[in-house]
Amino acid sequence: MSPVSATNTPTATLPAGDRDRRRAAFGLLVSLVALPASWLLFSQLERLWPEIMKLEGPAFLAATTLLGGSMAVGPLAVVIGFLLAVWFGVSSVYGPRRRPSPLLDRFIVASGLLVWFAPALVSVGKAAQALVTGRIAFVRPPREYLLATDPIAYWQGVGFWLIMAALFGFLAWRYWRGKLLPRTGAAD
């Protein structure tokens, strides 16, 4: 029996950090393949739909099912692949690995921080935009509140965005606290 080479190492014998780095690479690959495929599908929808409408019976059913499934699965694969890449990428930085990669680790941590804290930053941005413009708008249900005409609803909307920012920021901080400040995270 021959010894296993370093390039052909089975996944079970890899350190946890290397396994997570492979999972992150796979998630990123799924996301990067699904993104142009989804974009191509949605951009060609105007051309595809009339061709599908010409079909009848089982062919129409199969084509619409395939099209609808592709339109549903493609964007999900992009988002889930990206989130898994970030999750496992960050996990790989803090796990044991065979070879260190400090520059890539810094990039992964910076990307992870940005992704985790982005919802809080967007929520703070929405509240700040409302304070600057004197109006706040919500999409569903469609509502727009102006400070000059409806100050109570306006301030409730600003408060909503600030509460959401605090919630998202707290959740992100709970995740990152143990990684960035290991002594305080381990105490909890």
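For the structure itself, look to the data block above.
Every value quoted in this text rests on a predicted model; they were computed, and no experiment measured them.

A. Inspection of the pairing of strand S2 (residues 143–146) at higher detail. For strand S1 (residues 135–138) and S2, the ladder comprises 4 bridges, and the chain directions are antiparallel. Looking across to S2, one finds that Phe 138 is bridged to Arg 143. Where S1 folds back on S2, the antiparallel hairpin that results is connected by 4 residues.

B. View of helix H5 (residues 151–180). Taking 1.5 Å per residue, 30 residues should reach 44 Å; H5 reaches 41 Å between its end C-alpha atoms and fits that length. In H5, a bend of some 30° at Arg 174 exceeds every other bend along the element. Listed in full, the buried residues belonging to H5 are Ala 153, Tyr 154, Gly 157, Val 158, Trp 161, Ala 165, Gly 169, Ala 172, Tyr 175, Trp 176 and Arg 177.

C. Seen up close, the pattern of salt bridges. Applying the stated criterion to the full structure yields 6 salt bridges. For Arg 98, the salt bridge is made with Asp 18, and the minimal N-O distance between the two is 3.1 Å. With a gap of 80 residues between them, Arg 98 in the loop between helix H3 (57–93) and helix H4 (102–133) and Asp 18 in helix H1 (residues 16–43) connect regions that are remote in the sequence. Look at Arg 98 and you get partly exposed, because its relative accessible area is 41%. Measuring nitrogen to oxygen at the nearest pair gives 2.3 Å for the salt bridge that ties Arg 135 to Glu 144. For Glu 144, a relative accessible area of 46% gives the class partly exposed. A single network of salt bridges, built from pairs that share partners, joins Arg 21, Arg 97 and Asp 105.

D. View of the side chain of Asp 18. Using a relative accessible area of 12% as the deciding quantity, one classes Asp 18 as buried. Leaving out residues up to four positions away in the same chain, Asp 18 has contacts with Pro 96, Arg 97 and Arg 98.

E. Examining the nonpolar core more closely. Grouped together as the largest cluster of nonpolar side chains are 7 residues: Val 86, Val 90, Val 93, Ile 108, Val 109, Tyr 175 and Trp 176. Broken down by secondary-structure element, the contributors of at least two residues to this core are H3, H4 and H5. Considering each element in turn, this core owes the most residues, 3 residues, to H3. Aside from chain neighbours lying at most four places away, what touches Val 93 is Arg 21, Asp 105, Ile 108 and Val 109. Core analysis: the next-biggest nonpolar cluster, separate from the first, contains 6 residues, Ala 127, Tyr 154, Val 158 and Trp 161 among them.

F. Representation of the packing of aromatic side chains. Overall, the coordinates contain 9 aromatic pairs when judged by the stated rule. Relative to Tyr 175, the ring of Trp 87 lies with its centre 5.2 Å away and its plane at 35°, an arrangement referred to as tilted. Taken together, the positions of Trp 87 in helix H3 and Tyr 175 in helix H5 put the pair 88 residues apart, joining distant regions of the chain. Looking at Trp 87, the relative accessible area reads 41%, which means it is partly exposed. According to the relative accessible area criterion, Tyr 175 is buried, its value standing at 16%. An aromatic cluster is present here, built from Trp 87, Trp 116, Tyr 175 and Trp 176 joined pairwise through their rings. Across from the ring centre of Tyr 175, 4.8 Å away, lies the NZ or CZ of Lys 179, which sits over that ring.

G. Molecular detail of unusual backbone geometry. Here the residue pair Arg 140 and Pro 141 is connected by a cis peptide bond, since its omega of -15° sits within 30 degrees of zero. Within the secondary structure layout, Pro 141 lies in the loop between S1 and S2.

Criteria and thresholds
Residues numbered from 1 in each chain as written. Predicted model: local features only at pLDDT ≥ 70, side-chain atom pairs only at ≥ 80, totals over all residues. Heavy atoms only, no water. Pairing = 2+ DSSP bridges. Helix = DSSP H or I, 4+ residues; strand = E, 2+ residues; numbered from the N terminus. Expected span 1.5 Å × (residues − 1). Bend = angle between axes of the 7 residues up to and from the residue. Buried < 20%, exposed > 50% of the residue type's maximum accessible area, 1.4 Å probe, protein only. Salt bridge = Lys/Arg side-chain N within 4 Å of Asp/Glu carboxyl O. Contact = heavy atoms within 4.5 Å. Core = buried A, V, L, I, M, F, W, Y, C linked by side-chain atoms within 4.5 Å. Phe/Tyr/Trp six-rings, centres within 6.5 Å; stacked < 30°, edge-to-face > 60°. Lys NZ or Arg CZ within 6 Å of the ring centre and 35° of its normal.

Shape is all these values report; function is a separate question.
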